[in-house]
Each structure stands twice: as C-alpha cells, then as structure tokens.
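For reference, the chains in residue letters:
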Amino acid sequence: MYDLIGNFIITADPWLGRIQSEMDARYVEQSSLTNLFTENKFWGWAGLLSIFVALAAIFYFQFQAWEQEDQEQEKLTPKQKEFVEFLEKASNQSRDKN
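What counts and how
- Residues numbered from 1 in each chain as written.
- Predicted model: local features only at pLDDT ≥ 70, side-chain atom pairs only at ≥ 80, totals over all residues.
- Heavy atoms only, no water.
- Helix = DSSP H or I, 4+ residues; strand = E, 2+ residues; numbered from the N terminus.
- Areas by Shrake-Rupley, 256 points an atom, 1.4 Å probe, with all protein chains shown as cover.
- Phe/Tyr/Trp six-rings, centres within 6.5 Å; stacked < 30°, edge-to-face > 60°.
- Buried < 20%, exposed > 50% of the residue type's maximum accessible area, 1.4 Å probe, protein only.
- Patch = residues over 30% accessible without salt bridge, like charges linked within 9 Å, V, L, I, M, F, W, Y side chains within 5 Å.
- Salt bridge = Lys/Arg side-chain N within 4 Å of Asp/Glu carboxyl O.
- Lys, Arg positive; Asp, Glu negative; His and termini not counted.
- Charge placed at Lys NZ, Arg CZ, Asp CG, Glu CD.
- pLDDT = per-residue confidence, 0-100.

Visitor: Residue-level account of the overall build of the chain, with values.
Guide: A tally of regular secondary structure across the chain gives four helices and zero strands. Starting at the N terminus and walking to the C terminus, you meet the elements of the chain as α-α-α-α. For the chain, the exposed area adds up to about 9,800 Å²; of that, 62% sits on carbon and sulfur atoms.

Visitor: Report on the packing of aromatic side chains, specifying residues and quantitative values.
Guide: On inspection of all chains with the given rule, the structure shows three aromatic pairs. Summarising the aromatic geometry, the rings of Phe-63 and Trp-66 are spaced 5.3 Å apart at their centres and angled 65 degrees between planes, so their arrangement reads as edge-to-face. Taken together, the residues span about one helical turn, with Phe-63 and Trp-66 both in helix α3 (residues 41–75) at a distance of three residues. We classify Phe-63 as partly exposed; its relative accessible area is 47%.

Visitor: Tell me about a negative patch on the surface, residues and numbers included.
Guide: A cluster of like negative charges, contributed by Glu-67, Glu-69, Asp-70, Glu-72 and Glu-74, occupies part of the molecular surface. Its location among the elements puts Glu-69 in helix α3.

Visitor: Provide a residue-level description of the confidence of the model for the chain, including the pertinent values.
Guide: Per-residue pLDDT for the chain has a mean of 77; in total, 70% of the residues score no lower than 70. Element-level pLDDT for the chain is lowest in helix α1 (residues 2–16), with a mean of 56, against a maximum mean of 90 in α3.

Written as structure tokens, this is what we have:
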C-alpha cells in the first residue's frame, strides 16, 4: 500500500509542477543590482543619481527647444504665419497621398 502511494506521489510530482526535491538547496541567486546597493552603496546611489540627472537634462533641454520654437513662431508676421500654415497643409496632403 505504501509503495502504491509512493509511486503515485513520484508520478504526480512532475505532473503538478513540483520540482522542489530536484533543486539544489545550496544554490543562491546572485544579483548584481542588489550587490551594488548592499556591498557598494556609494556606487549604487551614484549610479541612480547619474541616471536621474541624465533624464532630467534630457527633459530640460527638450522643453527648452519647444519653448524656443514657440517664441520663434510668435515672432513671425501674419503673412509668414500664413505661409507656414500653407506649407504644413501641403506637406500633410502629400504625406496622406503616399
């Protein structure tokens, strides 16, 4: 009877997805990112700070470019604005045809 139950458990383990008995208990996952913050705190935080500064610089300069375009648009005379709108419509129409 015990053999029958044992055979059923051995057969059912892979079917149910239980592979705990096959895993090596001595295996420890090593994460470089976790080690960076636990062992080298300075470099971990310095890396995060540099990523933040880089993203902030990208957003800052992009917003500056948009502001400059808006200011240049405001400097145009009404005739120039009309011409720019005409060119934009023409390019949109040619893009739609393609």
